[in-house]
Each structure stands twice: as structure tokens, then as C-alpha cells.
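Spelled out from the first residue to the last, the chains are:
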Amino acid sequence: MRMYDVIEKKRDGGELTNEEIDFFVNGYVSGDVTDYQAAALCMAIFYKGMNARETARLTMDMAHSGDMMDLSGIKGIKVDKHSTGGVGDKTTLVLAPIVASLGVPVAKMSGRGLGHTGGTLDKLESIPGLSIDIDLNRFFEIVNTVGCAVVGQTGNLVPADKKLYALRDVTATVDSIPLIASSIMSKKIAAGADKILLDVKCGSGAFMKTPEDAIRLAQAMVEIGEEVGRTTVALITDMGRPLGNAIGNALEVMEACDTLKGVAPEDLTETCIELAANMLFLAGKASLEECRDLARGQIDNGEAFVKLHEMVEAQGGDSRALDDYSLFAQPKVSREVRATESGWVFTMDTERTGIASVALGAGRATKEDAIDPAAGIMLAAKTGAYLKKGDLMATLYAADEARLDEGERILREAYELREEEPAPIPHFFARVSRDGVDRLA
């Protein structure tokens, strides 16, 4: 078999056999297939697509290109949640303790932030003393005793995806549903969960800009999960504005704590309740409506917040910070950003808001960049708010005035004020499962 023939077949719209896909993935990981050949095939897939079987085979080949996690040492049905990324998305910090407090184990491997999206690991590391570098035996022990743990990837998970993603990133082939779907699902499958919940974001701060595009991606990922025997459900959620008000690592942990205390912004609370309910439903706890009530009840009775304390302590963190926010790293400077005109916040460029937080020091432009855990943005107004001239739009936190200047410049570009009031934006657009698409808005 020759890679030339595989590329030519897909270029001409042909359907690749399992053997041809195996040949490509195995050859690329071993180095027998070159970067330029892999790039040519990615471009052919970009234009000609892949069917469900091809995409599932590519996914499983990538999943099996490295270590496969065996979570059988953890008791119960393991449900994993994956978000396609956004701004202010701290839902894992809320979901894990809610779900674990109801007896469903959460063994979560998360990533770091890059670009305008934040990373769960960076947020957790803003908690004094907390470690995300935990060996597998200790990881299992924490999940079995506490009920949840969130750590960095261990071992050599999905090396094929690491190589392929880096290549797609520089060859304009990221924007391909089969390639996106196989990238995400290969990591979820290799991580060993029994059931998978996908939080597929859409809007100005997400990769998929429209609900229809997000639904197509969700359908592809659900098909893959079901094809390989993992029950998979996707929720299409809004990222046309930041989620909650806090953007930045310590700030987002504080807001997650507020959510578990019942005093968080409504959009963040409702999103977390719905995601938690779906995780509980996948674990077989009750009907979806009953699971919503269960999730809300764990916030109301304080048990979910107690569970967060237990998880933080088990991972070496100082859980006092969850109640006393002065124990977090504190910003050196801050600035209030106020409206220069009156009007409705008609839209927000959420991606620009995330980029503003990176400029302040809360994120990375490159993998080597250091993060300031205290840096970030607290929004006072989002889409749908009415501002009078001089009203507070946001407060910025950073290490120096130059960062504040740049952060303010970019944040102001993210706001569009108009005289007319915008239409309400739903938090949820659809739920996608093996049974089809349930439109929610």
C-alpha cells in the first residue's frame, strides 16, 4: 500500500477502507508517513469529507495510537464531560462536585488553556497548594474515596492526535467536522469513560459560530461514540457571550464557588444544572427532569460545595481559599472600564473578550507563556444589558498598567452598543443523542 494512493482516492471523493485508514495513522505515528503526505490527506478530507464509518475508524485508530486508560478500578458508571471550549467556562469545577455528591464518580482529565479559551487545569492550579500532577493509583484512590478528581493527562494518550492537530493548525485544515470530531472523541475514548457528555459551544466565542454548525459537529461525535459502544449525548450551548461574569483563573474558581453557594449568575447556574442533570441521567440515576431537581438540590443543601472542599483537600489544596478569597493570589493593579455612551449591549465578540483576558495575563498566546493566576476580567454588563454613559462595564485585573491599557483596548472592541434592545439569547439550542436532535430553542 502507498500513501500516494490513499491521498489520491480521498482527493477524488472515494471512501477509504479500514485498512487504508490504519495504514495512514500507524504510518504517521511511526514516521513512515511524512508531514506533507499527512497534510495532503487532511486537505482532501477537508474538501471531500468522511462518512460515519471512516470517521469512527480514524477516531479509534487515533485513540489506540498510545495508552488506553482502564478505569475499571473505579467503582460505578464513569461519565466524562467535554466542552469544545469558550470564555468563562468553569463548568467542570461546578459539575464534578454536584455529580460526585450524588454518588456518580467523576474521573476527569483536563487540559490547559491556549489562545482565547481558558483551561481547567490552570484554574485549579490557582487554588493554593493544589496539584494536578497525580499518579494513576492516587487518582483512582481519590475518585473512589472522595468521588471526583480533576488531573492532567497521564501517560502517552493519543499521540496521533497531538501530531495531527499540530499539523492541521498550520495547514488551514482545522475547520473540518470529521477531523474535529475524531480529535475530540479519540481523547474521550482513550480516557476510558463509560458514557460521554459533550458540551458543544456555538457563537462568537466558539469554534462553531452557528447552532446549525454545532449540531452537525455534535451529530458526528455522537455517531462516533455510539459506533464504538460509548453512549454519547451532546448539548448545544451558547457562547455568544462569556459564561458567567468571571474570566481568568482565580476569578473563575471564586465564581464556581459562588455557584455552589447559590449566588452565581443565572446563565452559569442554569448551564451547570443542565449539564449535571445530563451526566446523572447517563449514569442511570433518574429521569432527566428528576436529575435536574437532584442537581439543583445539591446546591441548595450545600452538599456539592462540601464535595468541592473534599476534592481540593485530597489534591493537596488549601480548601480555606474556597471560603476566604483573600487566600488566592491578588492582582497588583485593577481598573474600572466604563461606558463612553449610552445604549443596549447588542452583541459581544466573545473571542475578543477572551483575547483581552490573555492580554491581561490570564491566558497564553503560546504554550511557553506564564499565567498570572490573579489576572482577568469581572464583567458588569453583557449582551442584553442597558448601559448609561459612565456605567460600569467591567473591572480588569493585571500585574501592571501596560497590561491594563492593552486589555481595556481589546475589551472595548468586544462591545457593540445600539439604541435598540437585542432579542433574548437562549442558553441551550439543542440536545443531540442517538435518538436524534431535540431542538430546545
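Owing to the predicted nature of the structure, the values given are computational and were not obtained by experimental measurement. (Residues numbered from 1 in each chain as written. Predicted model: local features only at pLDDT ≥ 70, side-chain atom pairs only at ≥ 80, totals over all residues. Heavy atoms only, no water.)

Some details on the environment of Ile377
Mapped onto the secondary structure, Ile377 falls in strand E9 (residues 376-379). Assessed through its relative accessible area of 0%, Ile377 is described here as buried. Note: C-alpha distance between Ile377 and Tyr397 (20 residues apart in sequence) is 6.3 Å. (Helix = DSSP H or I, 4+ residues; strand = E, 2+ residues; numbered from the N terminus. Buried < 20%, exposed > 50% of the residue type's maximum accessible area, 1.4 Å probe, protein only.)

A short note on the side chain of His427
Among the secondary structure elements, His427 is positioned in the loop between strand E12 (415-418) and strand E13 (428-433). Within polar-contact distance, the side chain of His427 engages the side chain of Arg241 at 3.4 Å. A distance of 3.0 Å separates the side chain of His427 from the side chain of Glu266, its partner in a polar contact. For His427, the residues in contact, after removing those within four places along its chain, are Ile236, Thr237, Asp238, Arg241, Glu266, Asp267, Glu270 and Thr271. (Polar contact = N/O pair within 3.5 Å; in protein donor to acceptor, adjacent residues only side chain to side chain. Contact = heavy atoms within 4.5 Å.)

A word on the sheet that holds strand E14 (residues 436-439)
Read from one edge to the other, the open sheet built from five strands follows the order E1-E4-E5-E13-E14, with strand pairing classed as mixed. Each edge of the open sheet is held by one strand with a lone partner, namely strand E1 (79-83) and E14. This sheet shows a mean twist of 15° between the axes of neighbouring strands, independent of strand direction. Two strands pair when backbone bridges link them, and strand E5 (residues 231-238) and E13 are joined in this way by four bridges, in the antiparallel orientation. Each bridged residue has a counterpart across the sheet, and for Ile236 the counterpart in E13 is Ala430. (Pairing = 2+ DSSP bridges. Axes fitted to C-alpha atoms, helices over the stretch in contact; angles between N-to-C directions.)

Here we look at helix H15 (residues 350-360)
Here H15 lies mainly inside the structure; eight of its 11 residues are buried. Turning to H15, its buried residues number three or more, namely Thr350, Thr353, Gly354, Ala356, Ser357, Val358, Ala359 and Leu360. Contacts made by the buried residues of H15 are with strand E6 (246-247), strand E8 (343-348), E9, strand E11 (392-398) and helix H16 (401-414). After H15 finishes, the residue Gly361 shows a positive phi value of roughly 110°.

Things to note about the packing of helix H2 (residues 18-30) against helix H8 (residues 159-169)
Where H2 contacts H8, the axes come no closer than 9 Å and their chain directions differ by 85°. With respect to H8, the axis of H2 lies roughly perpendicular. Between H2 and H8, the contacting residues are Phe24, Val25, Tyr28 and Val29 on the first element and Ala160, Lys163, Leu164 and Leu167 on the second. (Parallel < 35°, antiparallel > 145°, perpendicular 65-115°, else oblique.)

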